[in-house]
Structure formats: C-alpha cells, structure tokens
Amino acid sequence: MTETKLPDITILADVVDNYGDIGVAWRLCRNILKSSSQNIRLVTNNLKAFHNINNQIDSSLPFQESKCENGTIKVYDWTDYDFCYKTFTENPPEVILEMFQCGQPDWLEKILFEDRVSYKVHIIMIDYLSAEPWIDDFHCLKSLTRTALVPKVNFMPGFTKKTGGLLLNKNFPIDSKQHEKNHNNNCQFSQVLFFAYKRDWSPVIRAMNRIFTSETTVKVAGGAGQDSILNACKNENAVFKTEKLPFMNQNEWDQNMGAMDFMIIRGEDSMAQGCLSGIPFIWQAYPQQNDFQEVKVAALLERMKPHFGKEFIYVQNAWNEMNNYQSSAVNLELENAVYDFLANIDSLKPGFQSFALSLRSNGDFAENLMTFIEKNIKIEKH
C-alpha cells in the first residue's frame, strides 16, 4: 500500500477478557504502522493487562508513548477522566476505532455529543471475530449515533474476501517445507503449546500421554487456565516435559507459536493467529451462556472444511468435544477425540496449511482498513 497522509486515529479498547481484547488492539496498532505513517492514540481501561503483553507499559501513568517496530503509539488511561477530557478537547479525534462494541468513555461522550465538535468525527466499529455468515452482510454497514456529525460504520474482521480479513504477522512460516526447517525432525511432537481456559484437563493429558514421549515439551501459557493444566499433568503423571511460560511481549508470543508442532489455543487473537500459522491446532472458544460457543466453533469448522478431505472428521470431533461442557466426568469422548487428532496429525497438516494460505490471500485487516478510510472518509477537521 502506498504511504498516504491519513487522519489521526483513536482506538478505544475496553478490556473484558484481559489479554485477547488488548492483544487485538495492540496488534492492530502495530499493523497500521506497518503500512502507513500514522498518528495513533490507544485508549484502554486496563493498563495492567496491557503491560503483560507489552512490558514498556507503566500502568500508573495517565499518558505514555510505546514504541513498536515501525513507530510510536500514544497510550491513554481510559479511566482518567480529567486528563483525557482536557487532552482530547484540545485535540479532538478525527477517526475513532471502537473495538468490540465497547462504546465511548464518559469524557469522550461529552466531547462528541454534549460539547459538540464542529466537524464530522467518524466512528468505525470493529466487532469480535467470528466465522458466522452474517459477518459478511454487516461488513461496511452504516449505523446511527445521536448526531449526524458522528457517523458510524461497521468494519468486520473475518475469514472471507467480503470482510476485512485478519491481522497478519511475519512470524509464521510461508509453507510446510519452511516450517519443517524450524523443527526437530527426529521427534514428531517436539514442541507443543497449551493455552486454555480453566477446566479439568485430565482427559486431554491422558490423550497426550498416549502419543507424546519424553522428548516432547508442552509449553503451558500464562493466564487463568495455567494452574489447571499443570495440575492435570501432575495428576496424570505426564510422560512429557512441561514448561511454565511467563507472559510475553506480543512479538515474542507470535514467534513462540510459530515454532510449535501442535497447539491447543483459546480465545480470539490466538485463534486467529493459529488459523494463519498453518500449524495443526485445537481451539477452545470462550465459554458462553447456553453453550453459544458451539455456534462459533461450528461456523469456523464450516469455513475450514473445504481445505480437508475425509480426515476432517478428526478436527471436527476434537474441536466439538473441546467446547462441550456437558460431557461426563470421565470424559472419554474428549480423550479419544484428542487422541485421534494427534494420531492423524500428518494427514491434517496440508489442510491447515491450505486454510492458512487462503486467509492470507484476503490481505491484512489493518491495511484493508486504512484503504477503506482513505477511499470513504472525508476529513473536515482544520
């Protein structure tokens, strides 16, 4: 994309699921700066969570600057009303990226709708990632706010060319041959990543014990589920080595993912990066009321299916059982589904690679977003 002078961008990130929400927002900031010289202000309400994936961040400051590969991001504490109101009144936003329907802080609501800026401020709503068909229809759909001076439009991440695509990164191998160079070919499962929410992981560890050897290292990522995974490893007398991972900067985390032979991953940002990696993985979606996470999982499986043959049944069964919380206490269904996935992993690799390449062909979400802004948004601020 040719470098073009674009409007100032303010990104709002209300952190609900600590690392996923701020992780997507920070990745978006970094990717925007890869394709354009841009003034970006990131406003978030959980600087402690942000610090865990970006150790430059000082959670005690109302304002700070954080450097990344291609520039510097201005970071503001959402909760500091007086400081933010004064700062953003002096320099009101031009384009606001509202992450995950988070709304605006009270001080920004006052600036936009009570003080009433004298020019149009454009809000772009960026929703949670989903593979559901309705995402295609909502992409670039306009909606209303309290005034015509603040127009709003949806810009949806997704898995098809009818959406904005996914946030790409450079840390994953381009093809299977390159991927093999990064691994110990003497061991089918040399490095495994286990990043999940809390639950009884004993069935999964039993499945791993049937496949892995003492040469396998399972890296257990930080977060609320870490202790439950390590306890299951201990209780089931894991035959493989375990490594308790600390919180990492985002770039280091991506590099870590790219070195894996197999992954169990959770949430949105890591799921998206897993899809792009081409590495076989099982996804644990965020548990929701009425088991709605099963709808999300089924939709993504439907997107993946054309890239596999009859072996897809192993992916389908493992993902469905991983996200079924109504299983029996023993949960042989989950154990056997994970075992079948691992036992057939060689036949699954081409499908994951094919799916990853198809997603990369949709382009980078941040670059697609900047192109949309350049073509569709007229800046009136003087």
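These lines cover the structure that appears in this document, whether it is placed above or below.

Conventions adopted
- Residues numbered from 1 in each chain as written.
- Predicted model: local features only at pLDDT ≥ 70, side-chain atom pairs only at ≥ 80, totals over all residues.
- Heavy atoms only, no water.
- Helix = DSSP H or I, 4+ residues; strand = E, 2+ residues; numbered from the N terminus.
- Expected span 1.5 Å × (residues − 1).
- Buried < 20%, exposed > 50% of the residue type's maximum accessible area, 1.4 Å probe, protein only.
- Contact = heavy atoms within 4.5 Å.
- Salt bridge = Lys/Arg side-chain N within 4 Å of Asp/Glu carboxyl O.
- Axes fitted to C-alpha atoms, helices over the stretch in contact; angles between N-to-C directions.
- Parallel < 35°, antiparallel > 145°, perpendicular 65-115°, else oblique.
- Nonpolar A, V, L, I, M, F, W, Y, C, P; charged D, E, K, R; others polar.
- 1 Å grid on protein atoms, 1.4 Å probe; cavity = no way out; pocket = protein on both sides within 12 Å on 5 of 7 lines; lining within 4 Å.
- Points joined across faces, edges and corners; volume = space filled by probe spheres on them.
- Pairing = 2+ DSSP bridges.
- Right-handed = clockwise from strand over helix to strand, strands pointing away.
- Phe/Tyr/Trp six-rings, centres within 6.5 Å; stacked < 30°, edge-to-face > 60°.
- Lys NZ or Arg CZ within 6 Å of the ring centre and 35° of its normal.

Observations regarding helix α13 (residues 332–343)
- The terminal C-alpha atoms of α13, which comprises 12 residues, lie 16 Å apart, in line with the 16 Å expected from a rise of 1.5 Å per residue.
- Every buried residue of α13 is accounted for by Leu334, Glu335, Ala337, Val338, Phe341 and Leu342.
- Those residues of α13 hidden inside the fold are in contact with α7 (202–209), β12 (262–266), β13 (281–284), α12 (312–322) and α14 (345–360).

Observations concerning the pattern of salt bridges
- On inspection of all chains with the given rule, the structure shows 13 salt bridges.
- Notably, a salt bridge pairs Arg27 with Asp269, separated by 2.9 Å at the nearest N-O pair. Here Arg27, found in helix α1 (residues 18–35), pairs with Asp269, found in helix α10 (residues 269–277); they are 242 residues apart in sequence, far enough to count as distant. The same class applies to Arg27 and to Asp269, which are both buried.

Some remarks on the packing of α10 against α14
- Between α10 and α14, the shortest axis-to-axis distance is 6 Å and the interhelical angle comes to 105 degrees. Accordingly, the angle class assigned to the pair α10 and α14 is roughly perpendicular. Together, Cys275, Leu276 and Ser277 of α10 and Gln353, Phe355, Ala356, Leu359 and Arg360 of α14 make up the contact between the two elements.
- Of the residues belonging to the contact of α10 with α14, the class tally is 5 nonpolar, 2 polar and 1 charged.

Things to note about empty space enclosed by the protein
- One pass over the full model with this rule turns up 1 cavity of 30 Å³ or more.
- Of the volumes computed, that of the largest cavity is approximately 140 Å³.
- In terms of lining, the largest cavity is formed by 16 residues, of which the most central are Val24, Leu129, Pro157, Leu167 and Glu268.
- Among the elements of the structure, α1 and α10 are those that each provide at least two residues to the lining of the largest cavity.

Things to note about the sheet that holds β12
- Read across the open sheet, the 5 strands follow the order β11-β10-β9-β12-β13; overall the sheet is parallel. The sheet is open, and its two edges are formed by β11 (241–244) and β13, each paired on a single side. Across the sheet, the mean angle from the axis of one strand to that of its neighbour is 20 degrees, orientation sign disregarded.
- Sheet analysis places strand β9 (residues 191–194) next to strand β10 (residues 217–220), joined by 4 bridges and oriented parallel. Residue pairing across strands places Phe194 opposite Val220, the latter belonging to β10.
- The strands touched by α7 are β9 and β12; relative to β9, the strand with the most contacts, the crossing angle is about 175 degrees.

Considering the pairing of β12
- Of all the 5 residues making up β12, 5 are buried; the element is thus mostly covered by neighbouring parts of the structure.
- Across the two faces of β12 the burial is the same, with Phe262, Ile264 and Arg266 and Met263 and Ile265 all buried.
- Two elements, β9 and β12, share 3 bridges in a ladder whose sense is parallel. For Phe194, the partnering residue across the bridge sits in β12 and is Ile264.
- Pairing of β12 with β13 involves 4 bridges; the strand directions are parallel. Pairing of Ile264 across the sheet is with Ile282, part of β13.
- At this point the chain moves from β12, through α10, to the parallel β13, and the crossover so formed is right-handed.

Considering the sheet that holds strand β5 (residues 95–99)
- Strands sit in the order β3-β4-β2-β1-β5-β6-β8-β7 across an open sheet of 8 strands; the sheet is mixed. Here the strands that pair on one side only, and so sit at the sheet edges, are β3 (63–68) and β7 (142–143).
- Pairing of β3 with strand β4 (residues 71–77) involves 6 bridges; the strand directions are antiparallel. Counted as the bridge partner of Phe63 is Tyr76 from β4.
- Packed onto the sheet, helix α15 (residues 365–376) meets β1 (9–13), β5, β6 (122–126) and β8 (152–154) and runs at close to 155 degrees relative to β6.

Quick notes on the packing of aromatic side chains
- Evaluation of the coordinates by the stated rule reveals 24 aromatic pairs.
- For the pair Tyr81 and Tyr85, a centre-to-centre distance of 6.0 Å together with 25 degrees between the ring planes defines the contact as stacked. Within this pair, Tyr81 and its partner Tyr85 are both found in helix α3 (residues 81–90), separated by 4 residues, close to a single helical turn.
- Between Trp134 and Phe138, the ring centres sit 5.1 Å apart and the planes meet at 85 degrees, which makes this aromatic pair edge-to-face. Note that Trp134 and Phe138 are positioned in helix α5 (residues 134–138) at a spacing of 4 residues, about one turn of the helix.
- One Lys or Arg, Arg199, reaches over the ring of Trp201 and ends 5.6 Å from the middle of that ring.
- The ring of Tyr339 is capped by Arg210, whose NZ or CZ atom sits 3.9 Å from the centre of that ring.

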